[in-house]
Each structure stands twice: as C-alpha cells, then as structure tokens.
Amino acid sequence: MLKDILRLGLILCVICAIATGILAWVNSITFPTITKLKAEDAIKTRKYLMPSAVTFEERKAAADTAFVYYIAKDDKDQTLGYVFEAVKHGYSSDVHTMVALDKAFNIINLKVISQSETPGLGTHSQDPDFPQRFIGKGVTELRVDKDGGPIKSITGATITSRAITNSLREAIQLLQSDLATQVKAGVK
C-alpha cells in the first residue's frame, strides 16, 4: 500500500516537473513578444489620448522611480501636457488607467487600459462614455459622488470608480511634486 502511494506520488511529481518545464519554455519564447506588444499598445494609447503631441519624453519621478510619466511636446518642442499610467486596486483587481493632462494638470482624456473587475459592473469603466466623467477635472475635483465629489460613480461599482479616481489624484500629486522638484533643481 505504502509502496503504491510512493510510486504514484513520484509519477505525479515527474509529471508536474515536466509540465513546469514546458510552461517555463513557452513563457521564455512568448515573453519578449508580449513585452513588445505592450510597449506598442502604450505608445498608441499615449497618441490616442493626446493626438496633438509629436513626441513623448519619458521621465521617472525622483521620489518614486516606479512612477513613469511622459512630457507631451509639439513639433516646436513646446510642452503640451503630461501622460502617465495610474494604478490602484479596485474591487477584484488592479485597475490600470492611462491619462493625459494639460499644462494646468486638468484631465484632457483617459482610458482604462487594464482591469479584471466584476463583469457587468466594474467592467463598465472601459465603456466609451466613462472618460467623460473626468475630462476637464483638476486634482481637487477628483472625488466620486459617494465621497462628496463631482464624479459620478458607476452604478454598482463604486469601489472601481473610487480606485480610478484616487489613483489619478495620487498620481497627479506625485507628478506635480516631481515637476516642482525639477524646477527647483533647474532641470528643464
């Protein structure tokens, strides 16, 4: 009896090791392609959010090097605004939102680029009319109606709406802080 259990355990262990090896091999083959496609999608999304920009200059925040933002510039190298990705956990997943701001830090456009929220509720954050709730809003206005702000929450998905709104507010504050630090340091 014990001999059979050990034999079956060993067979299962070998099968798991082979399956793990195959998955690692497939991942090593597909990872570069997936990374390249994500980078291309990010470029397309930045251009979609701020179509008048010709170039996007990448910067990392000094206080939080995980926070990357882009300075959108026109053909005369004049700053048009800023584009960045904000992330915060919603009801059941991290919600990734890319946003474009003008030079006064008001939202020009936004797009929820990744989420795995509740189907039929939080997934409405990717509906075409959702960004309209944010356009023209500044950092002080980024609060959902349930928190006394002007942004109408998605019905049944207040947590998702709040996560998006809070992630944008926090990221804009981080951007403003980083830009102020660079001005003090004399960085263009």
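As a reminder, the structure under discussion sits directly above these lines.
Source: prediction; values computed, not measured.

Asks: So what's going on with helix α1 (residues 2–49)? Which residues, and what values?
Replies: The largest bend along α1 reaches roughly 40° and is located at T30, with the proline P32 sitting one to four residues downstream. For α1, the full list of buried residues reads T45, R46 and L49. The inward-facing, buried residues of α1 contact β1 (55–60), β2 (68–73), β3 (79–89), β4 (94–102) and β5 (107–114).

Asks: Report on the state of the cysteines, specifying residues and quantitative values.
Replies: A complete count under the given rule lists zero disulfides for this structure. With no disulfide of its own, C13 has C16 as its nearest cysteine by sulfur position, at a separation of 6.9 Å. Looking at C16, the relative accessible area reads 42%, which means it is partly exposed.

Asks: Account for the nonpolar core, naming residues and giving values.
Replies: Grouped together as the largest cluster of nonpolar side chains are 28 residues, with contacts concentrated most on F67, F84, L101, I107, F134, L168 and L175. Those elements giving two or more residues to this core turn out to be β2, β3, β4, β5 and α2 (158–185). Among the elements that line this core, the one with the most residues is α2, at seven residues. What I107 contacts, discounting residues up to four positions off in sequence, is V99, A100, L101, F134, I135, G136, K137, L142 and L168. Counting residues in hydrophobic clusters, the runner-up holds eight residues, among them M50, V83, M98 and A100.

Asks: An account of the sheet that holds β3 is requested, with residue identities and associated values reported.
Replies: Read across the open sheet, the five strands follow the order β1-β2-β3-β4-β5; overall the sheet is antiparallel. The sheet terminates laterally at β1 and β5, the two strands that pair on one side only. Within this sheet the neighbouring strands show an average axis-to-axis angle of 25°, counted without direction. The pairing of β1 with β2 spans six bridges and is classified as antiparallel. The residue bridging E57 from the neighbouring strand is I71, located in β2. Strand contacts of α1: β1, β2, β3, β4 and β5, with the helix running at about 155° to β5, the strand carrying the most contacts.

The rules behind these values
- Residues numbered from 1 in each chain as written.
- Predicted model: local features only at pLDDT ≥ 70, side-chain atom pairs only at ≥ 80, totals over all residues.
- Heavy atoms only, no water.
- Bend = angle between axes of the 7 residues up to and from the residue.
- Helix = DSSP H or I, 4+ residues; strand = E, 2+ residues; numbered from the N terminus.
- Buried < 20%, exposed > 50% of the residue type's maximum accessible area, 1.4 Å probe, protein only.
- Contact = heavy atoms within 4.5 Å.
- Disulfide = S-S within 2.5 Å.
- Core = buried A, V, L, I, M, F, W, Y, C linked by side-chain atoms within 4.5 Å.
- Pairing = 2+ DSSP bridges.
- Axes fitted to C-alpha atoms, helices over the stretch in contact; angles between N-to-C directions.

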